[in-house]
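Analysis of the macromolecular model
Listed below are the residues making up each chain.
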Amino acid sequence: MAKLILFNKPFGVLPQFTDRGSETKRPTLSHFIDVPGVYPAGRLDRDSEGLMMLTDDGKLQARISDPKYKMPKTYLVQVEGEAMEESLDQLRTGVDLKDGLTRPAEVERIADPDLWLRDPPIRVRKNVPDCWLKLTISEGRNRQVRRMTAAVGNPTLRLVRWRIGDWALEGLQPGEWRAGE
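What comes next is a walk through the structure. (Residues numbered from 1 in each chain as written. Predicted model: local features only at pLDDT ≥ 70, side-chain atom pairs only at ≥ 80, totals over all residues. Heavy atoms only, no water.)

Further remarks concern the nonpolar core. General note: in soluble globular proteins, nonpolar side chains tend to be found buried as a group. One finds Val77, Leu91, Leu133 and Leu135 to be the most contacted residues of the largest nonpolar core, which totals 27 residues. Counting only elements with at least two residues in this core, the list comes to β1 (4-9), β3 (49-55), β4 (73-80), α2 (85-93), β8 (130-137) and α3 (144-151). Sorting elements by how many residues they give to this core places β8 first, with four residues. If you look at the next biggest cluster of nonpolar residues, it comprises 17 residues, including Leu4, Ile164, Trp167 and Leu169. (Core = buried A, V, L, I, M, F, W, Y, C linked by side-chain atoms within 4.5 Å. Buried < 20%, exposed > 50% of the residue type's maximum accessible area, 1.4 Å probe, protein only. Helix = DSSP H or I, 4+ residues; strand = E, 2+ residues; numbered from the N terminus.)

The next thing to look at is the pairing of β3. Among the seven residues that make up β3, seven are buried, leaving the element largely enclosed by the rest of the structure. Sheet topology places β1 next to β3; six bridges connect them, and they run antiparallel. Across the sheet, Lys9 pairs through a bridge with Gly50, a residue of β3. Here strand β2 (residues 39-40) runs beside β3; their pairing, made up of two bridges, is antiparallel. Bridge assignment links Tyr39 to a residue of β3, and that residue is Thr55. Looking at chain direction, β3 and strand β9 (residues 156-164) are connected through two bridges and run parallel. (Pairing = 2+ DSSP bridges.)

Attention now moves to unusual backbone geometry. Cis geometry is found at the peptide bond from Asp119 to Pro120, where omega equals 0°. You can see Pro120 is positioned in the loop between β7 (106-110) and β8. Backbone geometry places Arg143, a non-glycine residue, at a positive phi of 50°. The residue Arg143 is located in the loop between β8 and α3 in this model. Its relative accessible area of 32% is what places Arg143 among the partly exposed residues.

With that settled, consider the pattern of salt bridges. Counted under the stated rule, the structure contains 13 salt bridges. In this structure, the salt-bridge partner of Glu139 is Arg141, at a minimum N-O distance of 3.4 Å. (Salt bridge = Lys/Arg side-chain N within 4 Å of Asp/Glu carboxyl O.)

Glancing now at the packing of aromatic side chains. Overall, the coordinates contain one aromatic pair when judged by the stated rule. Ring geometry for Phe7 versus Phe32: centroids 5.5 Å apart, planes at 45°, classification tilted. Of this pair, Phe7 sits in strand β1 while Phe32 sits in the loop between β1 and β2, and the two are 25 residues apart along the sequence. A cation sits over an aromatic face here: Arg118 above Phe11, 3.9 Å from the ring centre. (Phe/Tyr/Trp six-rings, centres within 6.5 Å; stacked < 30°, edge-to-face > 60°. Lys NZ or Arg CZ within 6 Å of the ring centre and 35° of its normal.)

Remember, this is a structural readout, not a statement about activity or role.
As structure tokens, this is what we get:
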């Protein structure tokens, strides 16, 4: 039976078990998860938070992380500025990035979600509003969501991955994990 772990990765944690080559040791998955034989299924940047999945099953790992399977990944994204319908439409039709046109995203503006406080908090500018988006993509390019929102004029301030396929983060606080099914 394959092991599957759903982990709420805190901000600032590297999405790997070791921190090789750094003079200052940064927190890694090994600070939170002591389960032998599991490996991350995909990545989540150090400056992003939320759902990471780990497994000991190579086929499951590929199904979760390989873009050819088009597994949807949903993010709660706090962006700078008021995301206008024109910007959302660009995200819905695909954004032209340096590495090509993205697949269309599902996106909607949402009310401020009830999330944990981030440490450190995002920078707040009095004269610049922000808003939250719920954004779902079906590919996984490097820093894709951040690059997409910046390309449409709404740079990402905070990025929380909430769902991968049918698996969701509900009930997990930062640094907590549970076995998945």
